[in-house]
Structures are given as structure tokens and as C-alpha cells.
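# Architecture and fold: a report
Now for the letters of each chain:
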Amino acid sequence: MAEQLQQLILDTLDAQLTLPDTRALKIPGQSSTASSHDAQITILGALNSLFSREARLARGSCLGRLPERGSAPFSAQDLRRAVGDETAKVGQGRAFKSGWIAKEGNGFVKVVSNITDTTQIELREVESSGTLAAGEKALAELRKRKLIIQRKGQWFTVHKGVNFSTSIAKPETDLTVDMLTSGSWKKSTFKKYNFDADGIPTSGGALHPILKVREEIRSIFLEMGFEEMSTGTFVESGFWCFDALFVPQLHPARELQDTFYLSDPSTSLPPPSDYYKRVARVHEHGGYGSIGYRTPWSHEESHKLLLRTHTTASSAAMLYKLAAKCRGEDIDGDLSQKSQPGVANPSDDGFRPAKLFSIDRVFRNETMDATHLAEFHQVEGVVADRNLTLADLIGFMRTFFRKMGMKNLRFKPAYNPYTEPSLEIFAWHPLLEKWVEIGNSGMFRPEMLAPMGFPPDVRVHGWGIGLERPTMIRYGVNNIRTLVGHKTSIENVENSPAVMF
Ligand code: PHE
């Protein structure tokens with residue numbers, strides 16, 4: 001009990017210290033009240049004598065003996081002998097100031113017959129009342145002279161309240177079935193609802209940062225009038241992933257150490273045969289103004305099944321489909337038909353412009369490190385129209401990346417087997433303060449487009465960027481393995497800020 005009370009007072013004190021005023025405090029859960037007197041209590045200390053030094057010097061022990069004006073004065077030594085060194089030193093000055101003593105020759109004489117020791121009166125007042133009616137200035141003077149010390153104190157009075165108890169009764173927080181059936185609820189005390197309390201955070205689904213960025217990019221494409229390509233085919237043939245794109249069959253990217261090949265099944269169904277023949281021909285012998293690679297064509301290489309190494313494989317399939325009408329085929333649900341109902345016109349070569357995009361997964365046989373994974377996402381945009389130029393591609397990319405928040409772009413000539421010219425895309429990274437490569441682009445080669453059946457004035461430009469890198473930059477992630485894979489923290493995913501482009 002004593003301990004409790006002590007704790008109670010301590011709690012109250014704590015509470016009081018944080019309160020600016022002196023309200024009576026209600027002590028939580030105890031129904032007792034404690035009131036506080038905000039008192040500026042002056043504690044007397046260092047008061048071994050109630051006579052000030054000047055008074056001791058001027059009267060008492062020596063005033064009587066201090067000669068009057070006209071008589072032989074007290075020398076400084078006499079004075080010290082009479083009242084002691086300290087009193088002689090301090091008291092002398094103040095006695096002078098009060099006009100009680102005066103100097104005569106080298107000595108001292110008294111000039112009044114009666115003195116009022118105000119210092120002593122003040123000290124007495126402080127002793128009895130704890131303060132001085134004269135106010136702070138007079139107190140400060142005493143403090144300065146080290147005659148008093150002042151301390152702040154706070155007093156609390158603790159009373160037993162109506163619900164005072166020596167045991168702690170825990171109020172009920174829930175009304176249970178048991179309480180209702182037994183009727184015990186009638187005698188129970190219930191805790192009041194705290195409507196200001198924070199609720200338990202609800203757990204709900206959260207989009208992974210990569211998916212959030214994917215949504216942002218997707219909405220940029222959609223607002224620019226692009227149509228999403230179907231990219232469900234993770235497994236592709238060598239034909240669609242490489243041959244259709246005029247990637248030579250001996251290209252290093254097609255080697256085992258770069259590409260994952262399937263062992264079961266290991267070969268694809270045959271691609272459309274006429275198109276297949278045209279592609280094989282342009283590789284082996286050239287055509288459409290090209291001399292080709294002039295190396296023997298391998299059916300086996302073309303039929304191999306693999307995990308696609310880029311989404312350009314899907315773009316190739318979509319472009320082949322887009323050219324269907326140009327080839328004189330009439331495919332139901334074909335993109336060119338969907339976007340513009342066909343007009344019977346003999347000069348119509350069947351071509352319809354298209355803007356296509358995809359965002360999906362690709363696979364590469366990479367050595368995994370902080371910035372590389374064997375599977376990642378590619379964002380790809382493809383535009384097909386008559387007489388497009390490289391300037392159209394650059395202009396389009398500037399518009400697109402500005403919408404992603406990247407205003408400063410640079411393009412560097414590069415090499416891609418399926419595009420000519422090709423450009424690497426660099427963006428200025430304001431935090432890293434350097435140019436970072438963000439993607440690759442180019443004008444698709446005639447060796448790729450002509451076998452599909454596009455008219456010669458149709459140009460297709462395309463570009464691809466990774467999805468992980470912009471996501472890592474946006475979320476300040478420097479190791480990709482904290483973003484993707486078993487080390488991803490669900491909590492971080494749930495708490496990561498919304499993406500703002
Ligand atoms: N496929 C390319 C890559 O993997 C990107 C790209 C797409 C380049 C289209 C040019 C045109 O990096």
C-alpha cells in the first residue's frame with residue numbers, strides 16, 4: 001500500500017511536471033485526486049547567523065566600540081580584529097554604502113547612532129514566510145550575496161476518492177457469452193470504450209513494387225494509344241525468338257550459356273511454312289536488298305524450344321499477324337481489322353498502322369548478382385507505320401520517358417541484329433548524378449519485316465527497357481534480391497510508398 005501510494009505520488013508528480021497549470025489531477029484508474037500547489041518555495045540555507053555582516057560590523061560586537069566622528073578612528077587592523085577578516089571585508093563595503101560608517105584619515109568612524117539592519121529583517125522574513133514581500137529583486141540580491149538559496153518545490157495532496165481501493169480491480173473489456181449466461185455481467189464493471197484509440201492495422205493485399213511500376217508504365221502506354229500485346233508464351237521456339245528477328249543462327253546469345261533450352265519437349269511445332277521458308281532464305285542467301293548471312297540454315301536450331309530471352313519474340317509474332325492482310329490472308333480478330341474496318345479499295349495493300357506494347361517476363365542464363373537475375377521483366381513498345389524515321393523513334397521515346405519522369409535523355413549508336421540503326425537509351429539519374437543506360441531501341445530491319453509481308457514503305461520502330469531497374473531506382477533498392485525472390489520482405493512490400501511518376 002505504501003508503495004502504491006508512493007508510486008501514485010510519483011505518477012502524479014510526473015504528470016504535474018508536464019502540465020503547465022496547477023489543476024487538481026485525476027489519477028487514472030484510482031479514483032483518488034491529488035491537488036498540486038504550484039509554489040515557489042524558498043528554502044533557507046547557508047544561514048548560520050541572522051545578522052548580516054554589515055550589521056555585525058556596524059553594531060553588536062563593534063558598533064558600540066566604533067569611535068564616533070572626531071575621536072581616534074579604528075584602523076583596518078582594529079576592525080579585523082574586532083569582527084574577523086571576512087566580516088570586516090564584506091561588512092565594511094555595505095556599511096559604507098548604507099552610510100553607517102565613514103572614513104577618517106586611515107581609519108573608520110561611525111556616523112549614525114542607530115541602524116536598521118534591513119538584511120537581517122529580510123532574512124527573518126524569508127525564514128518565516130518562505131519569501132519576501134519586497135519581491136524578486138530583493139530576493140535576487142540576497143541570492144547573489146549567497147545568504148539564501150532558492151529551490152523550486154511542488155507539493156501534492158493525495159486524497160482517497162470514492163472508488164479508492166487497495167487492490168487493483170481489472171475492469172472487463174468484453175461482454176462474453178459466459179457472462180450473459182451466468183448473469184455475472186450485472187456485477188461486473190466494464191472498461192469504457194476509448195473511441196480515440198488507434199485501431200489494429202488491417203492486413204490486406206499489397207501490390208509488389210514491380211507490379212506497381214508495371215501499372216504506371218501500362219497506363220502511360222494506354223494513354224498514348226497503345227494496345228497491349230499478348231505475351232503468354234514464356235516458351236518460344238528458336239524461330240520466333242531469333243530467326244524471325246534475323247538473329248544469325250550462330251549468334252552468341254543463342255548459346256547454351258546464355259539461353260535456357262527445354263529438354264522435354266525439346267522441339268517446337270513447325271512455324272507457318274511459307275514464312276519459314278522466306279526467313280530461312282533471307283538468312284542463308286539474302287534478299288530484299290540484303291546479302292544475308294550466307295551460312296547453312298539449321299532446321300534443328302530453328303525448332304529448338306527455349307525460355308524466351310526477350311519479349312521481342314512476342315512482338316515478332318504480333319507483327320507477323322499485323323502483316324496478315326498484306327500477305328492477302330484474312331485472319332479473324334486480326335489487329336488490322338479490329339482497328340479499322342476494311343474498305344474495299346483495290347489500291348489498299350492491307351496495311352494498318354499499329355502501336356503495340358508488352359510488359360512481361362524474360363529469361364536469361366545469367367550469373368546472378370546484386371543487379372542480375374535469371375528472370376526479369378521487359379517493357380517493349382513497337383510502332384508500325386508508313387515512312388517512319390529515326391526522328392519519330394527518338395521523338396516518341398522523349399515523350400514516353402518524360403511521362404515516366406525522365407526528362408534528360410541521350411541516345412548512343414548501338415548494334416542489334418534485328419534493328420538498323422540501333423540506339424542505346426541513356427537517362428540522367430539526378431541522385432546518382434550520372435547517365436544510366438535504361439534500354440535499347442531501333443528501326444526493325446527489312447530482312448525481318450519483308451519476309452512477314454509488309455509493304456516496303458512500312459517501317460517499324462521499337463524499343464525495350466527493363467522493369468526492375470526503374471523500380472529499384474524508384475524504391476531506393478540496391479540489391480535486386482531484396483525485391484525479387486525468397487528474400488523479399490512482405491512487410492517492406494506492404495509498407496513501401498506508392499509509386500509516383
Ligand atoms: N529486345 C531488345 C533487348 O532485349 C530491346 C529492343 C526491342 C531493341 C525492340 C530494339 C527494338 O534489349
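See the structure shown above.
Attention here is on the structure that accompanies the text. In this convention, every chain numbers its residues from 1, walking through the sequence in written order. Selection of residues for local features in this predicted model requires a pLDDT of at least 70, selection of side-chain atom pairs for listing and counting requires 80 or more, and totals for whole chains, interfaces and linings are taken over all residues. Side-chain metrics in this entry use all non-hydrogen atoms of the structure; hydrogen atoms and water are not considered.

### Regarding the pairing of strand S4 (residues 107-110)
In plain terms, the rule: Buried residues are those whose accessible area, probed at 1.4 Å on protein chains only, stays under 20% of the maximum for their type, while exposed residues exceed 50% and partly exposed ones sit between those limits. Secondary structure elements are taken from DSSP: a helix is a run of H or I of four residues or more, a strand is a run of E of two residues or more, and numbering for both begins at the N terminus. Each pair of strands is called paired provided DSSP finds at least two bridges between the two strands.
Judged by which residues are buried, S4 turns out to be covered on both faces: Gly 107 and Val 109 on one side and Phe 108 and Lys 110 on the other are all buried. Bridge analysis of strand S3 (residues 101-104) against S4 gives four bridges, and the strand direction is antiparallel. Paired with Ile 101 across the bridge in S4 is Lys 110. What sits between the antiparallel neighbours S3 and S4 is a turn of two residues, in which Gly 105 has the positive phi angle 60°.

### Observations regarding unusual backbone geometry
Among all residues except glycine, the phi angle is most often negative; among peptide bonds, the trans geometry is most common. Along the chain, Asp 264 connects to Pro 265 via a cis peptide bond; the corresponding omega equals -5°. Relative to the helices and strands, Pro 265 resides in the loop between helix H10 (238-241) and helix H11 (273-284). Following Glu 420, the chain continues into Pro 421 via a peptide bond in cis, with omega recorded as -5°. Here Pro 421 is to be found in strand S12 (residues 419-429). For Tyr 288, which is not glycine, the phi dihedral falls at a positive 55°. Of note, Tyr 288 is situated in the loop between H11 and helix H12 (299-303). Despite not being glycine, Arg 294 has its phi angle at roughly 55°, a positive value. By the element assignment, Arg 294 lies in the loop between H11 and H12. For Arg 294, a relative accessible area of 59% puts it in the exposed group.

### Digging into the environment of Ser 441
The test is simple: Contacts are assigned to residue pairs with any non-hydrogen atoms lying within 4.5 Å of each other.
Looking at where Ser 441 falls in the secondary structure, it is placed in strand S13 (residues 434-444). With relative accessibility at 2%, the residue Ser 441 sits in the buried group. In sequence terms Ser 441 and Lys 412 are 29 residues apart; their C-alpha atoms lie 10.0 Å from each other. Excluding residues within four positions of it along the chain, Ser 441 makes contact with Leu 393, Met 397, Asn 416, Thr 419, Pro 421, Ser 422, Leu 423, Ile 425, Gly 462 and Trp 463.

### Quick notes on the pattern of salt bridges
Threshold: Salt bridges are defined as contacts in which a side-chain nitrogen from Lys or Arg sits within 4 Å of a carboxyl oxygen from Asp or Glu.
By the definition in use, this model includes 14 salt bridges. A salt bridge links Arg 352 to Asp 348; the nearest nitrogen and oxygen atoms lie 2.9 Å apart. The class for Asp 348 is partly exposed, based on a relative accessible area of 27%. Measuring nitrogen to oxygen at the nearest pair gives 2.6 Å for the salt bridge that ties Glu 375 to Arg 361. Residue Glu 375 is located in strand S10 (residues 375-386), and its partner Arg 361 is located in strand S9 (residues 354-363); the two are separated by 14 residues in the primary sequence. Overall, the relative accessible area of 32% leaves Glu 375 in the partly exposed class.

The values reported here are purely geometric and, on their own, carry no functional implication.
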